[in-house]
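Given next are the chains, with one letter for each unit.
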Amino acid sequence: MYLGALELDVLLGDVRSLADKRSTVEPVLSALARFGVSAAETGEQSRFRRSLFGIAAVGSDVDGLHDKLDECERHVAERHDLELLAVRRRIFGPED
């Protein structure tokens, strides 16, 4: 069993309040969940235009896990309502 963790640092588009932020972030997290991962806003909750998405996935092989995390990263990077600033990825395996 392997566990993959992906952290995405994003700059949100035209967001002027926390309510605007919520209406931008929630659809992204819902879309990520359709990839079979757990996704949540894990940081920058009090800043209007910044967010940190945490994504976790479990898989039986490393290649499949990387493919799933690549899909998630690509989905966020292709969105027009936000800008992907940084990506951090960790894979944990049986030896960790």
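Predicted model, so just to flag it, every value in this text is computed and none were measured.

Cut-offs used in this document
- Residues numbered from 1 in each chain as written.
- Predicted model: local features only at pLDDT ≥ 70, side-chain atom pairs only at ≥ 80, totals over all residues.
- Heavy atoms only, no water.
- Helix = DSSP H or I, 4+ residues; strand = E, 2+ residues; numbered from the N terminus.
- Buried < 20%, exposed > 50% of the residue type's maximum accessible area, 1.4 Å probe, protein only.
- Contact = heavy atoms within 4.5 Å.
- Areas by Shrake-Rupley, 256 points an atom, 1.4 Å probe, with all protein chains shown as cover.
- Lys, Arg positive; Asp, Glu negative; His and termini not counted.
- Charge placed at Lys NZ, Arg CZ, Asp CG, Glu CD.
- Pairing = 2+ DSSP bridges.
- Axes fitted to C-alpha atoms, helices over the stretch in contact; angles between N-to-C directions.
- Core = buried A, V, L, I, M, F, W, Y, C linked by side-chain atoms within 4.5 Å.
- Salt bridge = Lys/Arg side-chain N within 4 Å of Asp/Glu carboxyl O.
- Polar contact = N/O pair within 3.5 Å; in protein donor to acceptor, adjacent residues only side chain to side chain.

(A) Seen up close, the overall build of the protein. Within the protein, the regular secondary structure consists of 2 helices and 4 strands. Along the protein, helices and strands appear, N-terminal first, in the series β-α-β-β-α-β. Its C-alpha atoms give the protein principal-axis dimensions of about 45 × 20 × 20 Å. Burial status across the protein gives 31% buried among its 96 residues. Sequence separation of at least 24 residues holds for 70% of the intrachain contacts in the protein that already meet a minimum separation of 6. For the protein, the accessible area works out to roughly 5600 Å², and carbon and sulfur atoms hold 49% of it. Once the 13 positive and 18 negative side-chain charges of the protein are each reduced to a mean point, those two points are 6 Å apart.

(B) Layout of the sheet that holds strand β4 (residues 82-92). Across the sheet, 4 strands lie side by side as β2-β3-β1-β4; this open sheet has antiparallel pairing. With partners counted over all chains shown, the strands left at the sheet margins are β2 (38-43) and β4, one partner each. Neighbour to neighbour, the strand axes of the sheet diverge by 20° on average, direction disregarded. Alignment of β2 against strand β3 (residues 50-59), held across 5 bridges, turns out to be antiparallel. When the bridges of β3 are listed, Ala40 appears paired with Gly54.

(C) How the structure looks around the environment of Glu78. With respect to the secondary-structure elements, Glu78 resides in the loop between α2 (62-77) and β4. In the structure, Glu78 is positioned 73 residues away from Ala5 in sequence and 20 Å away in space, judged by C-alpha atoms.

(D) The nonpolar core, seen in detail. One finds Leu8, Val10, Leu32, Phe53, Ile55, Val76 and Leu82 to be the most contacted residues of the largest nonpolar core, which totals 18 residues. Elements with a contribution of two residues or more to this core: β1 (2-12), α1 (18-33), β3 and α2. Setting aside chain neighbours within four positions, we find Val10 in contact with Arg49, Arg50, Ser51, Phe53, Val76, Leu82, Glu83, Leu84 and Leu85.

(E) Examining the pattern of salt bridges more closely. In total, this model carries 7 salt bridges according to the counting rule given. One salt-bridge network, in which partners are shared between bridges, spans Asp70, Glu73 and Arg89.

(F) Structural context of the side chain of Asp9. Along the chain, the position of Asp9 falls in strand β1. By relative accessible area, Asp9 is classed as buried at 12%. A distance of 2.7 Å separates the side chain of Asp9 from the side chain of Arg50, its partner in a polar contact.

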